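Below, each chain spelled out in residue letters.
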Amino acid sequence: MPKDLLLEIGTEEVPAHAMPGILQEIKVNTEKALKELRLEYKEIRTLGTPRRMTLYVEGLSERQPDISSERRGPSVQVAFDADGNPTKACEGFARGQKLEAKDLVTKDGYVYAMVHEKGQETAKLMEKMLPELICGLGFPNNMRWRDLEFKFIRPLRWIVALYDDAVIPFEVAEVKSGRSSRGHRFLGDESFEIARASEYEAACEKQFIIVDPERRQAMIKEQIEKVAIENGGNVEISADLLEEVNYLVEYPTALCGHFEEKYLELPPEAVITPMRDHQRYFPVKDKDGKLMPLFITVRNGGSEYLEIVQHGNERVLRARLADAQFFFDEDRKKSLEQHLEKTKTVVFQEGLGTIFDKSGRLVELAELIADKIGASADDKKKAMRAAKLAKADLVTGMVTEFTELQGTMGRSYALLDGEDAEVAQAIDEHYMPRFAGDAEPKTVAGRVVSLADKIDNIVATFSRGLIPTGSQDPFALRRQALGLVRMLIDEKISIKLSDIVEKSMDQFKLEGDARQKMQQDVADFIRLRLKNVFEEENIPYDVADAVLSDTDDVYAVFCRAQAVSKELSSQDLTTVIQAFVRAGNIAKKADSTKIDEAFFENDAETALYQAFTSAEGSVESLIEGQDYVGAIDALKDLAQPIDSFFDAVMVMAEDEKVRNNRLGLLKSINDLICKVADFSKIVLKK
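Residues numbered from 1 in each chain as written. Predicted model: local features only at pLDDT ≥ 70, side-chain atom pairs only at ≥ 80, totals over all residues. Heavy atoms only, no water.

**Q** Talk me through the packing of aromatic side chains; I want residue IDs and the actual numbers.
**A** Each aromatic ring pair is described using two quantities: the centre-to-centre distance and the angle formed by the ring planes. Here the structure, examined in full by the defined rule, presents twelve aromatic pairs. Ring geometry for Phe 328 and Tyr 413: centres 5.8 Å apart, planes at 40°, overall tilted. Separated by 85 residues along the polypeptide, Phe 328 in helix H9 (residues 306–331) and Tyr 413 in helix H14 (residues 408–416) bring together distant segments of the chain. Exposure remark for Phe 328: the relative accessible area of 12% places this residue in the buried category. Clustering of aromatic rings is evident, with ring pairs tying together Phe 139, Trp 145, Phe 150 and Phe 152. One Lys or Arg, Arg 216, reaches over the ring of Tyr 247 and ends 5.6 Å from the middle of that ring. (Phe/Tyr/Trp six-rings, centres within 6.5 Å; stacked < 30°, edge-to-face > 60°. Helix = DSSP H or I, 4+ residues; strand = E, 2+ residues; numbered from the N terminus. Buried < 20%, exposed > 50% of the residue type's maximum accessible area, 1.4 Å probe, protein only. Lys NZ or Arg CZ within 6 Å of the ring centre and 35° of its normal.)

Pasting the structure below:
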C-alpha cells in the first residue's frame, strides 16, 4: 500500500531570499524523478525553515509497476543462417536483452525479445534518488567546508530520510541519513527522533518549529496585525518583507517596540527605510495613514523575556534613526540645487563624464521628448527642472547611507526647498518602475524624465560595448528597457525612439558607422523587451513576429499587434492573407514603387491600381489615428483585386517597362500592408 516519504535536509541558516526558490526546485526535480521512475503518488509538498529544507511525498506507491515490452532486433535474414541457426548478430542481440537466442520470437520479418521487467521496491529506489536530489540542487552561491569537495548553499548538518517508519540509508558529504532531526536552536532539543514520516510536522512543533511556511507566514501576519491593533495602529505589510521574515524564523512571536517621536519630523521614508529594509521591522500607521512612533518585529522564539528583546531592538533602531537625523540635518544645510556642484566629482561611467554632465544631458533630452509628445509649455518647463535636479540627491548624506532612498529624498528635499510639487514628484518618479510590478510615473514631467534617463543609460552603456548578454546585466538595462516599454504602452505615448537615440548620440559625440550600429542595437534591445510584453499579454508568437520588424514607435507596435490578434480571432482571414502574401512574395523583386498608368495592358491592372489608390488614403488616415482594426478592414478590400490581377496578367512580362510597372504596383501595395503587419509571418490554420 502507498506510504509517505520524508526527506529533511538540515543545514546552517540559509539566506531567507534563497529559500522559496530552493523549495520550488526540490518540488520540480522530485516530480521529474518520480515520473522517470514510474512511481505514483498523491501529492508532493515542500516545507522549510532557515535550517531545514523538507520534501514530503504523500501516498507514494511501494514499488514500480511491472512492465512488459517487445524489443525489435535484426531481420530474420540477418538473425539466422541458411540452416536456420542463430547468427552472431542474433546471439548478440539476445545476450543484450539477457535472453537465450531460443527465447526470441519472429514477427513481421524481424526477431523480437519479449522482455518483462519486474518493478523495483520504492525504498530501494530512494537510496539512489534522494542523494541525487540533494546533490543536484543549484544555488547562486555555494560553500565548502572542512576538506570536502562537496559544495552546498550552507554546510550540511543532518539528513532525515524516512519511507513511512523505515530509514532510507545513504550518505552525502559524510552525513548519514537517519531519523534524527534537530529542534529549535534555543527552545528545542539538540536532537529528536521522528518515528514515521506522517508524524513529522507534529514532532517538529513539539520542538518549537513550525515547518510549514504557509502556516508560519499566516501566523506572522495574524500576530503582527493583532499587536498593531492592540497598540492603536495599523501595520503596513509588504509582501516581500513578510516572505523574508517568514524564512528568518522557525517559531514566530511578534512584539511591538517604540522610538522617540522627534524622529517623526524626518520625512517618513527616512524612518521607514532603516526600519524596514535594514532591520526587517514593520512600520505602524494611525487611522489617517500617518507614521506612529512604533514598530513591530518578529522574534524567532517564544513569548518569554519579550521586554528584553524589545529593548534590544529599540536600541538598534534608535542608533539607525540617529544616523538618519544627522545625515538629514547635514543635507539641509544646502538646497537640493546646491548639492549639484558636488556631482561634478562623481563619475557616471568610465569615459562618459560625471553625474553633473548626465544632468545636463537629461535636461536636453527632456526638452526634446516634451516637444515630441506634445507636452504643454508648463509640463515641459517642469520636466526640464526635474531633469536638472533628478540626480542631485545622489551626493547627499542620506542617500549615500541609505541608497534605497535615491529619488525619494530628492523629492522630499525639493519640496522643502519650495520646488513645484510636480517637479518634486517627477524627481522621484524618474526611477520608476524600479522593479517588476512597480508603479509607473503619474506626472507628465515624471514620464519625460524617466524616458530621458533610461535612453541615456542605454546609449551610454552600449557606447562602451557593454550590451547585456546571457545573464549578465550589471547596469540593469533589461529592467529599465522593459519599464520604458511598459510606460509607453500603458500611458499611450506615441514617440519615435530613434529621434531620442539620435539626440543622445549627439551628446556622446558618436560618429560614422557607430551611429547606425547604435540605432540597430537599441532597436534590437527594445524588440526583445516588446516580445516579453507580448507574451505577458498573450499575443500569439506569429502576430508578434508580424509586427516587430519596426519597433521605433513602441505604442504603435503594440496597437498593431492587438488589432491583428483581434481580427484573426474574430473572423477567417485566410483568403485575404493568402492574397497579401502572394503580392508580397512577388514584390520582393521590385526595385522601386514607381507606377505609370500608361503601361497598364489589362483591366485587372487598372482595377487593382484604383483599389490601391482608394485604400491608400483611407489606410494612411486610419494609421495616423492609430485605428489599426479599421486599417485592416480597409486593406481587406485589396484581396479580391489582387487575386484577379494574378489571374489575368503575367507579372514578369517580357517588356521591361510593363514588368517593372507591375512590380512597382505590387511593391506599393505590400509597403502599405506592412505598415500594419507583415502577414507572411502569420501561421494560417489548416
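**Q** Got a sec to walk through the pattern of salt bridges? Specific residues and values, please.
**A** Inspection of the entire model under this criterion finds 60 salt bridges. Between Lys 344 and Glu 341 there is a salt bridge, with its nearest N and O atoms 3.3 Å apart. By relative accessible area, Glu 341 is classed as partly exposed at 48%. Within the structure, one salt-bridge network assembled from shared partners comprises Lys 358, Arg 361, Lys 391, Asp 453 and Asp 456. (Salt bridge = Lys/Arg side-chain N within 4 Å of Asp/Glu carboxyl O.)

**Q** Any chance you could break down the nonpolar core for me, citing the residues and the numbers?
**A** Of all hydrophobic cores here, the largest spans 127 residues; its most connected members are Met 398, Leu 451, Leu 497, Phe 534, Leu 638, Ile 642 and Val 676. Here this core gets ten residues from one element, more than from any other, and that element is helix H16 (residues 444–463). Apart from the residues lying within four places of it in its own chain, the contact partners of Leu 497 are Leu 451, Ile 455, Leu 484, Leu 488, Ile 526, Asp 552 and Val 554. Listed in part, the 42 residues of the second largest apolar core include Met 19, Leu 137, Ile 153 and Phe 170. (Core = buried A, V, L, I, M, F, W, Y, C linked by side-chain atoms within 4.5 Å. Contact = heavy atoms within 4.5 Å.)

**Q** Tell me about the sheet that holds strand E14 (residues 252–258), residues and numbers included.
**A** Within a beta sheet, neighbouring strands are joined by backbone hydrogen bonds and run either parallel or antiparallel to one another. Strand order in the open sheet made by the four strands is E13-E15-E16-E14, with antiparallel pairing throughout. Edge positions in the sheet fall to strand E13 (234–235) and E14, since each has one partner strand and no second. Strand direction decides the pairing type here: E13 and strand E15 (residues 282–285), joined by two bridges, are antiparallel. The residue bridging Asn 234 from the neighbouring strand is Lys 285, located in E15. Together, E14 and strand E16 (291–300) form the strand contacts of H9, whose direction differs from that of E14 by roughly 55°. (Pairing = 2+ DSSP bridges. Axes fitted to C-alpha atoms, helices over the stretch in contact; angles between N-to-C directions.)

**Q** Requested: an account of a nonpolar patch on the surface, with residues and values cited.
**A** A cluster of nonpolar side chains, Phe 186, Leu 187 and Phe 208, forms an exposed patch at the surface whose accessible area comes to about 300 Å². The residue Phe 186 is located in the loop between strand E11 (180–181) and strand E12 (192–193) in this model. (Patch = residues over 30% accessible without salt bridge, like charges linked within 9 Å, V, L, I, M, F, W, Y side chains within 5 Å. Areas by Shrake-Rupley, 256 points an atom, 1.4 Å probe, with all protein chains shown as cover.)

**Q** Got a sec to walk through the side chain of Ser 181? Specific residues and values, please.
**A** Mapped onto the secondary structure, Ser 181 falls in strand E11. Ser 181 sits in the buried class, given a relative accessible area of 0%. A distance of 3.1 Å separates a polar atom in the side chain of Ser 181 from a polar atom in the side chain of Arg 52. For Ser 181, the residues in contact, after removing those within four places along its chain, are Glu 8, Arg 52, Trp 158, Val 160, Glu 190, Ser 191, Phe 192 and Ile 194. (Polar contact = N/O pair within 3.5 Å; in protein donor to acceptor, adjacent residues only side chain to side chain.)

**Q** For helix H4 (residues 122–135), give the residues involved together with the corresponding values.
**A** Under the 1.5 Å per step criterion, the end-to-end length of H4 is 20 Å for 14 residues, consistent within 8% with the ideal 20 Å. Three or more residues of H4 are buried, namely Thr 122, Leu 125, Met 126, Met 129, Leu 130, Pro 131, Leu 133 and Ile 134. Buried residues along H4 sit against strand E1 (3–11), helix H1 (19–36), strand E3 (52–60), strand E7 (156–163) and strand E9 (171–172). (Expected span 1.5 Å × (residues − 1).)

**Q** Please provide a residue-by-residue account of the sheet that holds strand E6 (residues 110–117), values included.
**A** Overall, antiparallel pairing links the three strands, which are arranged E4-E6-E5 in an open sheet. Each edge of the open sheet is held by one strand with a lone partner, namely strand E4 (67–75) and strand E5 (105–107). Strand-to-strand twist across the sheet, computed as the mean angle between neighbouring axes with direction ignored, equals 40°. Pairing geometry for E5 and E6, over three bridges, is antiparallel. Its bridge partner lying in E6, Val 105 is registered against Tyr 112.

**Q** Give a detailed account of the side chain of Glu 250, specifying residues and quantitative values.
**A** Its place among the elements puts Glu 250 in the loop between helix H7 (239–246) and E14. In this structure Glu 250 comes out as buried when scored by relative accessible area, which is 2%. Polar side-chain contacts of Glu 250 include one of 2.5 Å to the side chain of Thr 49. Excluding its chain neighbours within four sequence positions, the residues that come into contact with Glu 250 are Thr 49, Pro 50, Arg 51, Arg 52, His 184, Phe 208, Ile 209, Ile 210, Arg 216 and Asn 300.

**Q** So what's going on with the environment of Glu 13? Residues and values would help.
**A** Assignment of secondary structure puts Glu 13 in the loop between E1 and H1. Sequence-wise, Glu 13 and Val 449 are 436 residues apart; in three dimensions their C-alpha atoms are separated by 43 Å. Each residue touching Glu 13, except ones within four places of it in the same chain, is listed here: Pro 50, Arg 51, Arg 154 and Arg 185.

**Q** So what's going on with helix H3 (residues 88–96)? Which residues, and what values?
**A** Within H3 the residues assigned to the buried category are Cys 90, Phe 93 and Ala 94. Along the axis of H3, the buried residues cluster in a sector spanning 100°; they form a single face. Away from the buried face of H3 by more than 90 degrees, exposed residues Lys 88, Arg 95 and Gly 96 are located. Buried positions along H3 lie against E4, helix H2 (76–79) and E6. The first or second residue beyond H3 is Lys 98, which carries a positive phi of 60°. (Arc of directions from axis to C-beta.)

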